Structure formats: structure tokens, C-alpha cells
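Structural description and commentary
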Amino acid sequence: MARTFTPKVVTANALLEGDAVWLTEANTWTRDIRKAELLTDEAHADLRLLEAQARAGEIAGAYLADAKPGDNGPEPTHFREDFRTRGPSNYAHGKQVELS
Amino acid sequence: MYTYNDFDEAFVRSRVAQFRGQVERRIDGSLTEDEFKPLRLMNGLYLQLHAYMLRVAVPYGTLNPSQMRQLAFIADKWDKGYGHFTTRQNIQYNWPKLPDVPDMLDALADVGMHAIQTSGNTIRNVTADHFAGAAADEIEDPRPVAELLRQWSTDHPEFQFLPRKFKIAVTGAAHDRAVTKAHDIGLRMVRNDAGEPGFEVIVGGGLGRTPMVGKVLRAFLPKADLLPYCEAIVSVYNLLGRRDNKYKARIKITVHENGLEKIQELVEERFAAVRAGFSGVDQELLAEIEAAFAPPAFAVKPTAGYEAARLANPAFRSWTDTNLAQHKADGYAIVSISIKKHGATPGDATSDQMRVMADLAEQYCHGELRISHEQNVILPHVHKADLAKVYAALREADLATANIGLASDIIACPGMDYCALATARSIPIAQEIATRFDELKIEHEIGALKIKISGCINACGHHHVGHIGILGLDRAGVENYQITLGGDGTETTTIGERAGPGFSAEEIVPAIERLVTGYLDLRSDPQETFLQTYRRLGMEPFKAILYPAEDKANAA
Ligand code: HEM
Ligand code: SF4
């Protein structure tokens, strides 16, 4: 049996602002991971990453990050990716204030 | 202080103009990120976790008031109203937007500053003793030499693509405050038997994943030979250094793999060849630079008011006990302004605080400020008669924390709150440790203690040379903190030893508290510092404190 594939999201930094963004099913970049496309198939994930990387004028440094399905959409599984959805812990800066 | 001449000014402006064009081409899509990345790094622009980061050099840690005010202006206009002072005497802005960066660089150029060679495999910002020109134990002010090295290394055509980054630190004093032994080249001013000043040249020190203490390449180098000798070292490294493996590319590995003697031989050989090309222009230039660094006209006035203020105000007295250092001029003191208020982010200053420090430097400090590698700001020349006024102004600005050299004067790298390479956070750990020691009210009793925290193996927070070092790691998707003990970043540089298994984010602060209160019981007398006790007793008693028997099973 093939090894199980950990679901992924495509993420990157926005070109102008430099903050974290995620790729949606509609091919837009969102600042809310819950609106991202959760990729459960490895081949499809690789393809989506290639497509994302081609959009050099919008983002930098696209990669696949582990994620899991949650009640309101994809959620990060690793603490690093979790921090990227919020911002730094020493100040109320970044997404934790910009999104609310 | 050195001020830019027309050449410097034109060079920096042309670099900004080039970079402006590069940013435009990146934004309009004609440059890919792979193409743009080396260009932005050459200009100090990183891409981190939540935003871009601009790293600005503060050469040899020296700033004048108008430069400090401009740093404040930049923080307000293009960032979030603050800046982060780092262990390499740089300031980092954590929130710039790409289209704004060329304007930020232009604003820096307005006050003779830039971000060139703050990144990439080049010779980085040359750092110096932050008490340079003021310290009582100094042979000579090392900054003219640092400025000479800066001019020589900036855009040096041979050294733009070294195997890896290259860091130089210089001190003119017996007591090493510039961590020279943890640099690619460390320069310590010494005198020869004839009493002439020159340098002990140390090579191959460094922290990161393979920490090494630098080795003496030349016990005495005449001052006049400095540039050709440094050129010889970098040139030998440029050819011999490994480019096949990023982790083996620093000169410390080159020295380690080839042996000090071989390097010595090659450097001396190259030096003999290179030296002929130096016609003495460098020495003429040095003489000009030295003139620009002439000491200020120190005032002679009574200090009686200072003693009276000390007696009258215990808070002021406590601050003078910890935050002052001995100045070479009579009646003067060196003031360290703590950027480590308990619970705040080490090294972060708001724009308002920067302006207050600039004003104080202008009014009371002959127009000079320094950034220390310990992430504090220094007023190098304050007359004792003015200290009470300086203290009062610092207090107003929330800058009067009396903790220099104590447990809460912690170095912490940005860690996973900002840095894309991090494996764990470091800032919150520093905040919690400082807050805890403040609650316990024991840091003055503990005395001299250096705690240093890095958020990954790269060791930007100098954890290897902390009396207590903390290294944040990712253990199976959870933040985990490893403790090292006995590190030292001074003239007796020592790499700390790992104490044992790491601690979770919840356990690390209690572990540090246990360690430090345990030391209070172990020390022979209140004068024996943590480091001295560790050196006397070794790791075992500290290990017993960190890992009490009943916890052993859980600590792994
Ligand atoms: C974007 C943030 C940063 C990145 C990407 C970064 C990257 C690195 C890397 C890769 C190393 C290891 C070099 C090696 O072992 O060859 C390193 C070392 C170091 N960095 Fe950073 N760093 C960052 C921030 C900082 C900050 C904020 C400071 C100052 C507080 C700093 C100061 C140092 C120092 C002192 C070392 C160790 C000395 C040495 O070069 O061996 N870095 N950094
Ligand atoms: S030590 Fe690691 S986490 Fe800290 S700033 Fe350096 S690279 Fe980033």
C-alpha cells in the first residue's frame, strides 16, 4: 500500500508586503489559511505548487506546508506554520490584529 | 566621528539607485525571486516569516544624534515605530514593504548610513568594542582601524563572493568586549616589547553549528601592516575555503581542516606579495580617519552634585552601580542604557526612545551614541555632574532599567517570532526569565550573569558564549530548549558545555530559576560569580540541580 499523504496547503510570502499567504481553489492568494485549498493528493499538490511558483509577480518562496482539515477549513499542524497564521508573540502585530 | 566624503556619498547613492531599479523590475515581473534574492541580500533585505526585514549597519556601533533620529523617522514612516538592535551592531526593521525599501535606503543615505554587506558572502559590518574611545583600559580607539577596514572591505572586488560570510571584530582594550575570539578575524590591540601599538590577529573563531574559539595567527602585527595582512587572510580563505558544503565553508573550518601552521604559512606568503601593492595610501587615509575620531573636548567641572544625588536617591544609586563603566577621562562615566526592561523584547527601542537617546547624546555626550553587541545603547562620554539629569530623562522614557550585566540583561535573537530559519522562539523565553527574576528581586544578589538565547543552531544570540546559554530546537514538532553552561565571550573565550536533555517551553524558565538559585547555595562567597563557581566546581553540581533524580524519567 502506498504511504499515506499528509494533507498540504500551498503557502508563500506576498511579494509586496512579505506576509504569509495561502493558495485558494479559485487560484487567488488568501491571508486566511482557513480559506486555502487543502490538498489531499500528492500529485495534485505537486502540480499546484508548480502553478503557484510560476506566479512570481505575486509571491516569493512558495512551498507545501502540512495542514489538517478543521471545522472552518485547513489548519496548520506545525507550530511554525501556526505562527505564520498569527504573527509574532511579543507584539500584537501581523495577522492576529490585521485579520480581526 | 567619521563623516562621508564625496566618494562615499556618491557610492551609496548609486547603490540605492541601482536597487531602486532592481525592486521595480522585481515588482513588474522582469526579475524572478531567484534572480532578485542575491540582489536584495546584497542590500540587507531579507524575507522573514511575517514580512521583509531590512538590516542596517551601524559601523563599529557608532551613531551620531541625527543618525539616531533618522532611524526613528524610518521606524515611524515605514515600519511599526520601533527597531531591533542586534548582536552585530546592526539595527533591523521587521516590517518594511518591498516598494518602500529604496526610499528607506535613500533616507539612510541622507545621514551617511546604508545596508550594504549586511548579508551575503561578503565581509560584513566591522564591529568594535562599544566602549571604544572612552574605556579606561584602552590602548587606542579601535574605530579608525574599523573604519579603514570598512572602506577597504566595502565593494572590494576580490571579496564579493567569498565561500561564506566573513565577520571582523576589533578591540583596542585589554578586556575584550567585542567577542573577538568568536569572529572570522578578531583584532586585539596590544603593544610589543618596544611599547608600540599593533594587533594580535586571531582567526577562525565562530559560533553557529560548529562553534570554535579563534586562534592566534600572529601575536604582533604592526599597525601599518593591517590591511595587507587582512587582505592576505581573506585571499587565502577565498581560494582554500570550501564551497562544496555551506556548513564547512566558514574560515573556522578552513583553519581546522588545514591546521593553523599551514594557514600561517600561506598567509605570510600571500602577505609578502600583497604588501608590496600597498604604497602607503592606506596609512595616509588612516591618518585622516584618525583625525576625524579625535576625542571630544572633555570638560573639567566638579562632581560633588553627583555624589549628593547618589546619596539622596536610592534608585539613581542602584542605576549608577550597574549601568556605569569607568571612563578614561577624569570626572566622566560611560553610561549603558538598558534596552532590556524586564518583560520587554531585548534590543527593541521605540522611535520615541531613539529620539530621547539622540537628544541626550547631543546635550550631554558630545554627540555620540554606541550600539553594543549586547543589544544595549551606550552614551560613551557623560560627565558625572550630568548623570542625575540623564537618569531623570531616561526614566521618563522608560529607559532607566538598572540591570546591565545582570540576569535580565539577556541577549536574544529574533527566533521564531520573526526569523524564517528558526526552530523555536527565543524572545518570549527572554521576556519570561527577565520577568521572573524581577519578581524574585534577586538579580542584584546574583550579580554578574550572562544569559544568551538563540532560536536555532546558527547561534545569532551567542548562546555558546553565555554563562548560561539557551538554544531553542524543534523536537518532533514541539519547542525544546537546551541549556549550555560555562560559556564566556571575553578574552577568556570558552564554548559552553551542554548540560543534558532539553526542556519544554513550560519547563525552561523554572529550570533557569533552579539553576541560578542553586548557584547561590554553591558559591563560596557573594563575590564569586556564576561563571567562577562553574569553573571551580564543574558541571556535576549544576546538573544535579537541573535534573533532580525524581524528574530524570520525565526530563528526556
Ligand atoms: C533574518 C534573520 C537572520 C538570519 C537569516 C541569520 C542567519 C544566520 C546564519 C545562517 C548563521 C550561521 C552562519 C554560519 O554558521 O556559517 C548566523 C550566525 C550569526 N548571526 Fe545571524 N541571522 C539572522 C539574524 C541575526 C540577528 C538578529 C543577529 C544579531 C542579533 C545575528 C547575528 C549572528 C551572529 C552573531 C552569528 C554567529 C557568529 C557567526 O557568524 O559564526 N543574526 N546567522
Ligand atoms: S539563531 Fe537562528 S533563529 Fe536566531 S536569528 Fe539566527 S538564524 Fe534566526
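Residues numbered from 1 in each chain as written. Chains lettered and ligands numbered in written order. Predicted model: local features only at pLDDT ≥ 70, side-chain atom pairs only at ≥ 80, totals over all residues.

**Structural notes on the packing of helix H6 (residues 226–240) of chain B against helix H8 (residues 260–275) of chain B**
Residue and element names in this part refer to chain B. Let me state the cut-off plainly: Only the stretch in contact is used when fitting a helix axis, every axis being a line fitted to C-alpha atoms; angles between N-to-C directions are given from 0 to 180 degrees. Runs of H or I in DSSP of at least four residues are treated as helices and runs of E of at least two as strands, each being numbered from the N terminus. Note on angle classes: values under 35 degrees are labelled roughly parallel, values over 145 roughly antiparallel, values of 65 to 115 roughly perpendicular, and the remainder oblique. Handedness of a crossing is defined here by the sense of rotation of the near helix relative to the far one, left-handed for an anticlockwise turn of less than a right angle and right-handed for a clockwise turn. This entry defines residue contacts through backbone-placed C-beta atoms, with two residues in contact when those atoms are within 7 Å. Nonpolar residues are Ala, Val, Leu, Ile, Met, Phe, Trp, Tyr, Cys and Pro. Charged residues are Asp, Glu, Lys and Arg, and all others, Gly as well, are polar.
Interhelical geometry of H6 versus H8 gives an angle of 125 degrees and a closest axis separation of 8 Å. Judged by the inter-axis angle, H6 sits oblique to H8. In the crossing of H6 with H8, the sense of the turn from one axis to the other is right-handed. Across the interface between the two elements, Pro228, Tyr229, Glu231, Ala232, Ile233, Ser235 and Val236 from H6 touch Ile263, Leu266, Val267, Arg270, Phe271, Val274 and Arg275 from H8. Residue composition of the contact of H6 with H8, grouped by class: ten nonpolar, one polar and three charged.

**Points about the sheet that holds strand E8 (residues 185–191) of chain B**
The following threshold applies: Note: two strands are recorded as paired if DSSP finds a minimum of 2 bridges between them.
Overall, mixed pairing links the five strands, which are arranged E6-E7-E8-E9-E10 (chain B) in an open sheet. Only two strands of the sheet have a single partner each, and these edge strands are strand E6 (127–128) and strand E10 (215–222) of chain B.

**A look at the site of ligand 1**
Using the following cut-off: By definition, a residue lies near a molecule or strand provided its backbone-derived C-beta atom is within 6 Å of it.
By nearness alone, 22 residues border ligand 1, and Thr86, Gly206, Gly208, Asn458 and Cys460 of chain B come closest of all. Across the shell around ligand 1, the residue classes tally to nine nonpolar, eight polar and five charged.

**Examining the sheet that holds strand E2 (residues 52–57) of chain B**
Residue and element names in this part refer to chain B. Strand order in this open sheet of five strands is E1-E2-E5-E4-E13, and the pairing throughout is antiparallel. Two strands lie at the open edges of the sheet, namely strand E1 (45–47) and strand E13 (348–350), each paired on one side alone. Across the sheet, the mean angle separating the axes of adjacent strands is 30 degrees when strand polarity is ignored. The pairing of E2 with strand E5 (residues 90–93) spans four bridges and is antiparallel. Each bridged residue has a counterpart across the sheet, and for arginine 55 the counterpart in E5 is glutamine 92.

**Considerations on the domain arrangement of chain B**
As a measure of interface size, the accessible area lost when the parts come together is often cited. For clarity, the threshold we go by: Throughout the structure description, domain borders are defined by an automatic or database domain assignment.
Considered domain by domain, chain B is made up of domain 1 (6–110), domain 2 (142–292), domain 3 (317–396) and domain 4 (417–555). Domain 2 of chain B and domain 3 of chain B are separated by 31 Å when their C-alpha centres are compared.

**Let's talk about the interface of chain B and chain A**
Counting residues at the interface gives 23 residues for chain B, matched by 22 residues for chain A. In terms of residue count, helix H14 (residues 427–440) of chain B provides more of the side of chain B that touches chain A than any other element does, three residues in total. In terms of residue class, the side of chain B that touches chain A is built from eleven nonpolar, six polar and six charged.

**As for helix H3 (residues 65–78) of chain B**
All names here are of chain B. What counts here: One less than the residue count of a helix, multiplied by 1.5 Å, gives the span that helix is expected to have. Counting other C-beta atoms within 10 Å of a residue's C-beta gives its exposure: the residue is buried at 20 or more, exposed at 12 or fewer, and partly exposed in between, where C-beta atoms are placed from the backbone.
With 14 residues, H3 should reach 20 Å at 1.5 Å per residue; the first-to-last C-alpha distance of 20 Å fits that figure. By the burial criterion, the buried members of H3 are Pro65, Gln67, Met68, Gln70, Leu71, Ala72, Ile74 and Ala75. On its buried side, H3 packs onto strand E3 (62–63), strand E4 (82–85), E5, helix H4 (101–110), helix H12 (351–364) and strand E14 (369–371).

**Description of the nonpolar core**
For the record, the criterion: The nonpolar core is taken to be a set of buried Ala, Val, Leu, Ile, Met, Phe, Trp, Tyr and Cys residues joined by way of C-beta atoms within 7 Å.
With 174 residues, the main nonpolar core has Ile233, Met357 and Leu379 of chain B as its most contacted residues. When residues in this core are grouped by element, the largest group, nine residues, is from H6 of chain B.

**A closer look at the packing of helix H5 (residues 143–153) of chain B against helix H9 (residues 281–292) of chain B**
Residue and element names in this part refer to chain B. Contact geometry of H5 with H9 gives a least axis separation of 9 Å together with a crossing angle of 130 degrees. In this view, H5 runs oblique relative to H9, as classed from their interaxial angle. For the crossing formed where H5 meets H9, the hand is right-handed. Mapping the contact onto sequence places Pro144, Glu147 and Leu148 in H5 and Asp282, Leu285, Leu286, Ile289 and Glu290 in H9. In terms of residue class, the contact of H5 with H9 is made up of five nonpolar, no polar and three charged.

**What to know about the pairing of strand E2 (residues 20–23) of chain A**
Residues and elements named next belong to chain A. Side chains Ala20 and Trp22 project from E2 onto one buried face, and the interleaved Val21 and Leu23 project onto a second face that is buried too. Bridging between strand E1 (residues 8–14) and E2 involves three bridges; their strand directions are antiparallel. Looking at E2, one finds that alanine 12 is bridged to valine 21. Hairpin remark: E1 followed by E2, antiparallel, with five residues in the connecting loop; positive phi at glycine 18, about 85 degrees. Bridge analysis of E2 against strand E3 (residues 29–30) gives two bridges, and the strand direction is antiparallel. Counterpart to tryptophan 22 in the pairing with E3 is threonine 30. Counting the residues between successive antiparallel strands, the hairpin from E2 to E3 contains five residues, one of them, asparagine 27, with a positive phi of roughly 70 degrees.

**Quick notes on helix H2 (residues 33–42) of chain B**
All names here are of chain B. Note the cut-off: The arc in question is formed by the directions pointing from the helix axis toward the C-beta atoms.
Turning to H2, its buried residues number three or more, namely Phe36, Arg40 and Met42. Axial view of H2: buried residues confined to an arc of 150 degrees, hence all on one face. In H2, those exposed residues whose orientation departs by more than 90 degrees from the buried face are Asp34 and Pro38. Taken together, the buried residues of H2 touch helix H1 (6–27) and E1. Among the residues trailing H2, glycine 44 stands out with phi positive, at a value near 75 degrees.

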